[in-house]
Amino acid sequence: MTLALTVLGCSGTHPGPQRMCSSYLVEHDGYRLLVDCGNGSLSNLTRRCDVADVDAVVLSHLHPDHFADLYGLYYALRFHRDGARAVPVYAPAGAPAFIGRLLDDLDTFTATCRFTPAQAGDVLRLGPLTVRLFAAAHPVDTLALRIEAAGTVLAYSADSAPTPALSDAARDADLFLCDATWLERQRPLPSAVHMTAEEAGRQAGDAGAKRLVLTHLWPTNDPAESAAEAARAYVGAVTVAADLDEFVL
Ligand SMILES: [Zn+2]
Ligand SMILES: [Zn+2]
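Residues numbered from 1 in each chain as written. Chains lettered and ligands numbered in written order. Predicted model: local features only at pLDDT ≥ 70, side-chain atom pairs only at ≥ 80, totals over all residues. Heavy atoms only, no water.

(A) The overall build of the chain, seen in detail. Within the chain, the secondary structure is distributed over 8 helices and 14 strands. Relative to the globule expectation of 18 Å for 249 residues, the C-alpha radius of gyration of the chain, 17 Å, shows essentially globular dimensions. On the principal axes, the C-alpha backbone points of the chain span a range of 50 × 40 × 30 Å. A buried classification covers 56% of the 249 residues belonging to the chain. For the chain, restricting intrachain contacts to residue pairs at least 6 apart in sequence, the fraction spanning at least 24 positions comes to 60%. Split by element, the accessible area of the chain, about 9,800 Å² in all, is 51% carbon and sulfur. Separation between the mean location of the 19 positive side-chain charges and that of the 30 negative ones in the chain comes to 2 Å. (Helix = DSSP H or I, 4+ residues; strand = E, 2+ residues; numbered from the N terminus. Rg over C-alpha atoms; globule rule 2.2 N^0.38 Å. Buried < 20%, exposed > 50% of the residue type's maximum accessible area, 1.4 Å probe, protein only. Contact = heavy atoms within 4.5 Å. Areas by Shrake-Rupley, 256 points an atom, 1.4 Å probe, with all protein chains shown as cover. Lys, Arg positive; Asp, Glu negative; His and termini not counted. Charge placed at Lys NZ, Arg CZ, Asp CG, Glu CD.)

Structure (structure tokens):
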């Protein structure tokens, strides 16, 4: 059985003309895990499956480009044509109150999106998936993910500056989906809370990851330039994520 990753959004901070914000569908043995739910990504999700077919959601952190379309998912489930649905949502502590601030019916929101607080060190057993959580280096609590199924490993940095925790999360991973917001030539960086493509390459090499997929690129950066920069620091295969790309591991 294979582990399949579909990119539903891979733009950093705000959407671009062809890229929505962070969201990834991970499928194995009929189970569907949605990792992050950034702005615009719900449209891509609905091109792949019915919203009711999502078995669980993990939010890496509480920045809008990673959760904004949870609002849309909430309404799509609440008013689903086959009747109201619910989905478990694993997210850093405080998520329901933080996200629910824009909503006038917190009870219905939390009955639909059933939150469980998650933190670094947790191991989530989600259907056939084992999801290990690591502490990314970002200004708010941010969870990097190591997703394991049937001996296959998919790692996701979430948003992060370089940190040894990512090497642990992506140790010998079959695919490492890594923040590569910036380019080295853009130093001094507008913010030191993400990585350049070269830093992503270095992290992938440190981890011994077998394949690197760059994501969360700044929307106006050239993907080819990012790929070339990462390849300077990493000997394995480098791909830049694009919306609706599929990777079968
Ligand atoms: Zn982000
Ligand atoms: Zn962030």
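Continuing now.
(B) The coordination of the zinc ion (ligand 2), seen in detail. Those donors, H61 (NE2), H63 (ND1), H138 (NE2) and D159 (OD), are the protein atoms that reach the zinc ion (ligand 2), and they lie 2.1 to 2.4 Å from it. Classification of the site at the zinc ion (ligand 2) as irregular follows from its 4 donor atoms and the range of 90 to 165 degrees in their angles at the metal. Coordination of the zinc ion (ligand 2) draws on donor residues from a single chain, spaced H-x1-H-x74-H-x20-D in sequence. (Donors = N, O, S within 2.8 Å, 3.2 Å for Na, K, Ca; no water. Tetrahedral: all angles 85-135°; square planar, octahedral: opposite > 155°, others 65-115°.)

(C) Molecular detail of the coordination of the zinc ion (ligand 1). Each protein donor to the zinc ion (ligand 1) is listed here as D65 (OD), H66 (NE2), D159 (OD) and H216 (NE2); together their distances run 2.1 to 2.2 Å. For the zinc ion (ligand 1), the 4 donor atoms in the first shell make angles of 87 to 164 degrees at the metal, a pattern classed as irregular. Written as a sequence motif, the donor arrangement for the zinc ion (ligand 1) is D-H-x92-D-x56-H. In this structure, the zinc ion (ligand 1) is positioned 3.6 Å from the zinc ion (ligand 2), and both are ligated by D159. Linking D65 in helix α2 (residues 64–67) with H216 in the loop between β12 (211–215) and α8 (223–231), this pair joins segments that are 151 residues apart in sequence. By relative accessible area, which is 1% here, H216 ends up buried.

(D) Quick peek at the nonpolar core. By size, the foremost hydrophobic cluster in this structure holds 30 residues, and its most contacted members are V26, L33, L126, L129, V131, L145 and I147. For this core, the element with the most residues is strand β9 (residues 143–149), which contributes 4 residues. Residue contacts for L129: discarding those within four places in its chain leaves L3, V26, H28, Y31, L33, L124, I147, E148 and A149. Counting residues in hydrophobic clusters, the runner-up holds 27 residues, among them V54, L73, A95 and F109. (Core = buried A, V, L, I, M, F, W, Y, C linked by side-chain atoms within 4.5 Å.)

(E) Representation of α8. Within α8 the residues assigned to the buried category are S226, A227, E229 and A230. An end-on view of α8 places all buried positions within 165 degrees of arc, on one side of the element. In the core, the buried residues of α8 are packed alongside α7 (197–207), β12 and β13 (237–240). Where α8 begins, one side-chain oxygen reaches toward the backbone nitrogen of A224, 3.0 Å away; that side chain belongs to D222. (Arc of directions from axis to C-beta. Polar contact = N/O pair within 3.5 Å; in protein donor to acceptor, adjacent residues only side chain to side chain.)

(F) Representation of the side chain of S157. Residue position: S157 is located in the loop between β10 (152–156) and α6 (164–169). At 2.8 Å, the side chain of S157 and the backbone nitrogen of D179 are in polar contact. Residues in contact with S157, not counting those within four places in the same chain, are A136, A144, L166, F176, L177, C178 and D179.

(G) Examining the sheet that holds strand β6 (residues 113–117) more closely. The strand order across the open sheet built from 7 strands is β6-β5-β4-β3-β2-β1-β14, with neighbouring strands paired in mixed fashion. Edge positions in the sheet fall to β6 and β14 (246–248), since each of these pairs with one other strand and no more. Strand-to-strand twist across the sheet, computed as the mean angle between neighbouring axes with direction ignored, equals 20 degrees. Both strand β3 (residues 31–35) and strand β4 (residues 56–58) contribute to a ladder of 3 bridges, which runs parallel. Note on β4: the bridge partner recorded for V35 is V58. The strands touched by helix α1 (residues 41–48) are β1 (3–9), β2 (23–28), β3 and β14; relative to β1, the strand with the most contacts, the crossing angle is about 140 degrees. Strands β3, β4, β5 (87–91) and β6 of the sheet are contacted by helix α3 (residues 70–78), whose axis makes an angle of about 135 degrees with β6. (Pairing = 2+ DSSP bridges. Axes fitted to C-alpha atoms, helices over the stretch in contact; angles between N-to-C directions.)

(H) Seen up close, α1. Along α1, the residues classified as buried are S41, L42, N44 and L45. Angular distribution of buried residues about the axis of α1 spans 155 degrees; they occupy a single face of the element. If you follow the buried residues of α1, they end up packed against β1, β2, β3 and α3.

As far as function goes, none of this settles anything; it's purely spatial.
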